[in-house]
Amino acid sequence: MCARSSAVRATNESETSVTSTSGSRLSPSNLAAKNPGFANYVGIFCTAGAVLLLELGLTRIFAVLLWAHLAFMVVGSALFGFGLSGVFLALKKQKKSENLRADLAILSLAMSAAMLVCYLVVTNVPFEMWNFQEDAKNFYYLAIWYASLVLPFFLAGLIIAKLLSTFSEHSDKLYGVDLIGAAAGSLLLIPLIPHVGGEGTVVAAAALAALAGLAYAPPAKRVLRGTIGVAVIALMLLVPKAQKVLPLEVHTTKRRFNTAARWNHIYDTRWSTLSRIDIAYHKDDILDIWIDGGTNESAILKWSGDLEKTKPLRFSTIGTAYALKAGSEPRVMIIGPAGGKEVLFALSHGAAHVDAVEMDPSIV
């Protein structure tokens, strides 16, 4: 930090210059650049929180749209977007901004919009991962997906890089707040996704990005602040309704899930940090549990509840272990009981005790 100025003199009606004790002359804009100010700390906190909330929310959405192990293409896209922003700033001839905060506010609003565009693209562009040979259009669809995925992370990278480079003397503090914001955004997924789903989580991330823009926007820019304020309110109102207004469209065929969705046989949908669960009609005496849009499945069997009248179930290889233990009244542990079919098998074969360990709270 520069020492306090020893002399101040007006050069014109709108600008003053400051002479430090070391003799260097600093304009007001340069003085401001030395201290980020509270608004920029709030802004970078919200920016980092928004981008991590989006990244984690998209991994859950991609597990439904594609497959769980492909969900992490989101992570690669995020890293590429951040890296691309650094390359862009390094190659572009930088001009000193007359109003950095206004620029950051506009970038934040653009980032918020890019998050929604990204979600709409992956939901509506019918990319099928395993169908390249049969339909070459999937190459174009994949390119569109990647472009939309990179954009919000690219914009976030620009915002953070501009802050860190402009206020380089305070980069340690800014980066610390950035990390705290990223952690907060990650933790926000835990209470958020069970209540508003993956769709609402993306909208919440967009609202947080817009809120960052509101923090950056200088008070003198009333139109800009008003525009961003309206965007924040609109997005926050959309969050609880996102599952109905912006529903996921699953294009990849996984088991019978798409058929159930097409025939409106899905009774209920629930999200957790682990997966999305759909309960669907299968037959008069069976309900399906679809995990991540058909990646895995289980069933809920119709049952009277009377064990004494329940004959040993034998229609699946699940019963093999119990057939080998016939008459021994085994104690059983079932990991991932889901709809309870395995539990019913165990009980019907005379298990003395069953411990069922289910990892997904939505299924419980």
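Just so we're clear, the structure is a prediction, and the values are computed from it rather than from any experiment.

Before going further, it helps to spend a moment on the nonpolar core. Soluble globular proteins: nonpolar side chains tend toward being buried together. Counting 83 residues, the largest nonpolar core has Leu58, Ile61, Phe62, Leu66, Met111 and Trp145 as its most contacted members. If you list the elements that add at least two residues to this core, you get helix H2 (37-65), helix H3 (73-91), helix H4 (100-124), helix H5 (137-166), helix H6 (171-216), helix H7 (222-238) and helix H9 (257-262). Per-element tally for this core: the top contributor is H6, with 17 residues. In this structure Phe62 touches Trp67, Leu70, Ala71, Met73, Val74, Val122, Trp145 and Leu149, once residues within four positions along its chain are discounted. With twelve residues, the next largest nonpolar core counts Ala299, Leu301, Leu344 and Ala346 among its residues.

In contact at an axis separation of 8 Å, H2 and H3 are set at 150° when each is read in the N-to-C sense. Together, Val51, Glu55, Leu58, Thr59 and Phe62 of H2 and Met73, Val74, Val75, Ala78 and Phe82 of H3 make up the contact between the two elements.

Quick look at unusual backbone geometry now. With phi around 55°, Arg255 is a residue other than glycine that occupies positive phi space. Structurally, Arg255 can be placed in the loop between helix H8 (242-245) and H9. Of note in the backbone geometry, Ala338 takes a positive phi value of approximately 50° without being a glycine. Along the chain, the position of Ala338 falls in the loop between strand E8 (331-335) and helix H11 (341-348). The class for Ala338 is partly exposed, based on a relative accessible area of 22%.

This part covers the side chain of Thr123. Residue position: Thr123 is located in helix H4. Of the residues examined, Thr123 reaches a relative accessible area of 2% and is grouped as buried. If we ignore the near neighbours within four places in the chain, the residues touching Thr123 are Pro247, Leu248, Glu249 and His251.

A word on the pairing of strand E6 (residues 286-291). By the criterion of burial, E6 is predominantly enclosed, with five of the six residues buried. Two strands pair when backbone bridges link them, and strand E5 (residues 276-283) and E6 are joined in this way by six bridges, in the antiparallel orientation. Bridging across to E6, Lys283 finds its partner in Ile286. Hairpin remark: E5 followed by E6, antiparallel, with two residues in the connecting loop. In textbook terms, the turn of a hairpin is the stretch between consecutive antiparallel strands, and for E6 and strand E7 (residues 296-301) this stretch comprises four residues, one of which, Asp292, has a positive phi near 55°.

Definitions and limits used
- Residues numbered from 1 in each chain as written.
- Predicted model: local features only at pLDDT ≥ 70, side-chain atom pairs only at ≥ 80, totals over all residues.
- Heavy atoms only, no water.
- Core = buried A, V, L, I, M, F, W, Y, C linked by side-chain atoms within 4.5 Å.
- Buried < 20%, exposed > 50% of the residue type's maximum accessible area, 1.4 Å probe, protein only.
- Helix = DSSP H or I, 4+ residues; strand = E, 2+ residues; numbered from the N terminus.
- Contact = heavy atoms within 4.5 Å.
- Axes fitted to C-alpha atoms, helices over the stretch in contact; angles between N-to-C directions.
- Pairing = 2+ DSSP bridges.

Functional significance is not addressed by these values, which are geometric in nature.
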